[in-house]
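Reading the structure
Next come the chains, spelled out residue by residue.
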Amino acid sequence: MTQIAISHSGSTKRVAKRKIFWNLLNLARQRRSLARLDDHLLDDIGLTRREATRHIWDAPDNWVKQLY
């Protein structure tokens, strides 16, 4: 019986990078959507204008852990 060893390390890294990319893209979309809201709507959901217009690299630590 012949056994074939398949290495997934390359594809696993690609999948991980793809996941990070899509998570960052989704974060950017969410930030743009929040930035378009009026101040009174942001106040309704408990956010300030400053929080709504943060850059994607300025994500809170608990978000960053979920992204990666």
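Before reading on, note that the structure itself is shown above.
A brief look at the structure comes next. (Residues numbered from 1 in each chain as written. Predicted model: local features only at pLDDT ≥ 70, side-chain atom pairs only at ≥ 80, totals over all residues. Heavy atoms only, no water.)

**Let's talk about the overall build of the protein**
Tallying secondary structure elements over the protein gives four helices and zero strands in all. Ordered by position from the N terminus, the helices and strands of the protein form the series α-α-α-α. Put simply, the protein has 68 residues, and 10% of those count as buried. Residue pairs in contact within the protein that sit at least 24 positions apart in sequence constitute 50% of those at least 6 positions apart. (Helix = DSSP H or I, 4+ residues; strand = E, 2+ residues; numbered from the N terminus. Buried < 20%, exposed > 50% of the residue type's maximum accessible area, 1.4 Å probe, protein only. Contact = heavy atoms within 4.5 Å.)

**Focus on the environment of Pro60**
Along the chain, Pro60 turns up in the loop between α3 (49-52) and α4 (61-67). Setting aside residues up to four positions removed in sequence, Pro60 forms contacts with Arg31 and Arg54.

**A word on the pattern of salt bridges**
Per the stated rule, a full pass over the model turns up two salt bridges. Residues Asp58 and Arg54 are paired through a salt bridge, measuring 3.2 Å at the closest nitrogen-oxygen approach. Classification of Asp58 as partly exposed rests on a relative accessible area of 35%. Given the relative accessible area of 28%, Arg54 is considered partly exposed. (Salt bridge = Lys/Arg side-chain N within 4 Å of Asp/Glu carboxyl O.)

**Looking at the environment of Asn26**
Following the sequence through the fold, Asn26 ends up in helix α1 (residues 9-35). Sequence separation between Asn26 and Ile56 is 30 residues, and the spatial gap between their C-alpha atoms is 9.7 Å.

Nothing here speaks to function; it is geometry throughout.
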